[in-house]
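# Fold and geometry: a report
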Amino acid sequence: QVQVVESGGGLVQAGGSLRLSCAASGRTFRNYGMGWFRQAPGKEREFVAAINWSGGSTDYADSGKGRFTISRDNAKKTIYLQMNSLKPEDTAVYYCAASLVAGTASNLSEYDYWGQGTQVTVSS
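Residues numbered from 1 in each chain as written. Predicted model: local features only at pLDDT ≥ 70, side-chain atom pairs only at ≥ 80, totals over all residues. Heavy atoms only, no water.

## Some thoughts on the overall build of the protein chain
Tallying secondary structure elements over the protein chain gives 0 helices and 11 strands in all. Beginning at the N terminus, the succession of helices and strands in the protein chain can be written as β-β-β-β-β-β-β-β-β-β-β. Counting the 124 residues in the protein chain, one finds 43% classified as buried. Sequence-distant contacts, at least 24 apart, represent 59% of the contacts inside the protein chain between residues at least 6 apart. Accessible surface, the protein chain as shown: approximately 6,200 Å² in total, 45% of it carbon and sulfur. (Helix = DSSP H or I, 4+ residues; strand = E, 2+ residues; numbered from the N terminus. Buried < 20%, exposed > 50% of the residue type's maximum accessible area, 1.4 Å probe, protein only. Contact = heavy atoms within 4.5 Å. Areas by Shrake-Rupley, 256 points an atom, 1.4 Å probe, with all protein chains shown as cover.)

In structure tokens form, the structure reads like this:
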């Protein structure tokens, strides 16, 4: 079993940057694919980015391509989401999730463990 805890959210002006972190517990962390999702008020939770077990493969939603970078450090059992050129429409609660699918999964249903989320607010 894996527990994940997000951190790094906050308030930032449009055009700014934030780096989210997700610390995981569990001896088998390196076996899990990991992902970031977000949910804005009144909207469904949506895929942001995913990374496979080794970090050698990543996938991004179109909304974040060229601006967001997902990475992982298996020794630290942590994944990151570097977000640059932030826009007001990026405002949401960002969730980290772990998947027993070791590859890059983009569907919510493929994720088995979820964090509580961290708020990201981008002001215009």
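Don't stop here, the text continues.
## Some words on unusual backbone geometry
The backbone phi angle of Lys77 is positive, close to 55 degrees, even though this residue is not glycine. Residue position: Lys77 is located in the loop between strand S7 (68–73) and strand S8 (78–83). A residue is classified by how much of its surface remains accessible, and Lys77, at 27% relative accessible area, is partly exposed.

## Focus: the packing of aromatic side chains
All told, the structure shown has 5 aromatic pairs when counted by the stated rule. A ring pair is formed by Tyr32 and Tyr113, whose centres lie 6.1 Å apart and whose planes are at 65 degrees; its orientation type is edge-to-face. Here the residue Tyr32 occupies a position in the loop between strand S3 (18–25) and strand S4 (33–39), and Tyr113 occupies one in strand S10 (residues 113–114), the gap between them amounting to 81 residues. Classification of Tyr113 as partly exposed rests on a relative accessible area of 22%. (Phe/Tyr/Trp six-rings, centres within 6.5 Å; stacked < 30°, edge-to-face > 60°.)

## Let's talk about the nonpolar core
Formed by 28 residues in total, the largest nonpolar core has its most connected members in Met34, Trp36, Phe68, Leu81, Met83 and Tyr94. Listed by contribution, the elements that provide at least two residues to this core are S3, S4, strand S5 (46–51), S7, S8, strand S9 (92–99) and strand S11 (118–123). Within the second largest apolar cluster, 7 residues are counted, among which are Phe47, Ala61, Ala97 and Tyr111. (Core = buried A, V, L, I, M, F, W, Y, C linked by side-chain atoms within 4.5 Å.)

## Observations concerning the state of the cysteines
Under the counting rule described, the total for this entry stands at 1 disulfide. In this model, Cys22 is linked to Cys96 through a disulfide, with the two sulfur atoms separated by 2.0 Å. Judged by the sign of its S-S torsion, about -75 degrees, the bond between Cys22 and Cys96 is left-handed. In this pair, Cys22 sits in strand S3 while Cys96 sits in strand S9, placing the two residues 74 residues apart along the sequence. According to the relative accessible area criterion, Cys96 is buried, its value standing at 0%. (Disulfide = S-S within 2.5 Å.)

## A look at the pairing of S4
Extensive coverage of S4 is indicated by the burial of 6 of its 7 residues. Bridge analysis of S4 against S9 gives 7 bridges, and the strand direction is antiparallel. Residue pairing for S9: Met34 is matched across the bridge by Ala98. Of the pairings in the sheet, the one linking S4 to S5 comprises 5 bridges and is antiparallel in character. Among the inter-strand pairings, Met34 is bridged to a residue of S5, identified as Ile51. Where S4 folds back on S5, the antiparallel hairpin that results is connected by 6 residues, among which Gly42 adopts a positive phi of roughly 75 degrees. (Pairing = 2+ DSSP bridges.)

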